[in-house]
Amino acid sequence: MTHREDQVAGLLLAAGGGRRLGGRPKALLEHRGRPLVEYAVGVLRAAGCSRVHVVLGARADAVRERARLDGCVLVDNPEWERGMGSSLRAGLGSLAGTGARAVLVSLVDQPGIGPRAVARVLAAYRDDTSLASAAYDGVRGHPVLFGAAHWAAVAASATGDRGARAYLKEHEAAITLVECGDVARPYDIDTEDDLGHLE
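Residues numbered from 1 in each chain as written. Predicted model: local features only at pLDDT ≥ 70, side-chain atom pairs only at ≥ 80, totals over all residues. Heavy atoms only, no water.

Notes on helix α4 (residues 84–94)
This is how it is decided: Each residue gets one of three labels from its accessible area relative to the maximum for its type: buried under 20%, exposed over 50%, partly exposed in between, using a 1.4 Å probe on protein chains only. Numbering goes from the N terminus for both helices and strands, where a helix is a DSSP run of H or I of at least four residues and a strand is a run of E of at least two. Whether two residues are in contact is decided by their heavy atoms, any of which lying within 4.5 Å being enough.
For α4, the full list of buried residues reads Gly85, Ser86, Ser87, Leu88, Ala90, Gly91 and Leu92. Lining the buried residues of α4 we find β1 (8–14), β4 (52–56), β5 (73–76), β6 (102–107) and α6 (151–157).

Next up, the structure:
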């Protein structure tokens, strides 16, 4: 195991209720014959994250039942309805004491972002002050890598659906942008129309 794999944990935010999808939790949408959450975990692992924490919220019991998430740390976010910020806080909290020095945060509803893009962002890790993000034609997107030195401030600023957006905006100059537009497509599965992206 390279020291990068050992020190960077993958964090998958998969708690959303899919409000604009008629209340179908995104984690359970089917992609390539399996629940989306299982596919997304596979992407993180293929990219080199040997430790993966998954934040669950909407229909967490059904997700546990249907998706094969062996070897993942499953984190329940009882406040998932308050938005992505609460899931990010729950996920970062779950990493305390694990020895992880950075976290790579990805979203369950972006199946167009595969292992190649994730591995590129992972490769930007240097130490616990690292701050890196995938970019698509120069525009910042996911996944995002936060060294542990940033976690407390990220958690403190993560509210509502904003996740780490405010923190990243504030620290724009410090972010290493990793262009991934040539290997990934950063669409979200948010509405019925977006379901056409699933395979």
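Further notes follow.
Brief notes about the layout of surface pockets
Rule in force here: Using a grid of 1 Å spacing that covers the protein atoms alone, one calls a set of points a cavity when a 1.4 Å probe fits there but cannot get out, and a pocket when the set is open and has protein on both sides within 12 Å along at least five of seven lines; lining residues are those with an atom within 4 Å of a point. Grid points are joined across faces, edges and corners, and a volume is the space filled by probe spheres set on the points. When residue character is reported, Ala, Val, Leu, Ile, Met, Phe, Trp, Tyr, Cys and Pro are called nonpolar, Asp, Glu, Lys and Arg charged, and the others, Gly included, polar.
One number sums up the size of the largest pocket: a volume of about 1000 Å³. Counting residues per element, the lining of the largest pocket draws most heavily on strand β8 (residues 139–147), at 6 residues. Residues belonging to the lining of the largest pocket are distributed by class as follows: 16 nonpolar, 9 polar and 12 charged.

A short note on the pattern of salt bridges
Here is the rule: Salt bridge, as applied in this entry: a Lys or Arg side-chain nitrogen positioned within 4 Å of an Asp or Glu carboxyl oxygen.
Under the criterion given, the structure shown has 12 salt bridges. A salt bridge links Asp128 to Arg101; the shortest N-O distance between them is 3.7 Å. A residue pair is termed long-range when its members are at least 10 positions apart, and Asp128 in the loop between α5 (115–122) and β7 (131–136) and Arg101 in the loop between α4 and β6 qualify at 27 residues. Owing to a relative accessible area of 32%, Arg101 belongs among the partly exposed residues under this scheme. Overlapping salt bridges bring together Arg20, Lys26, Asp109 and Asp190 as one network.

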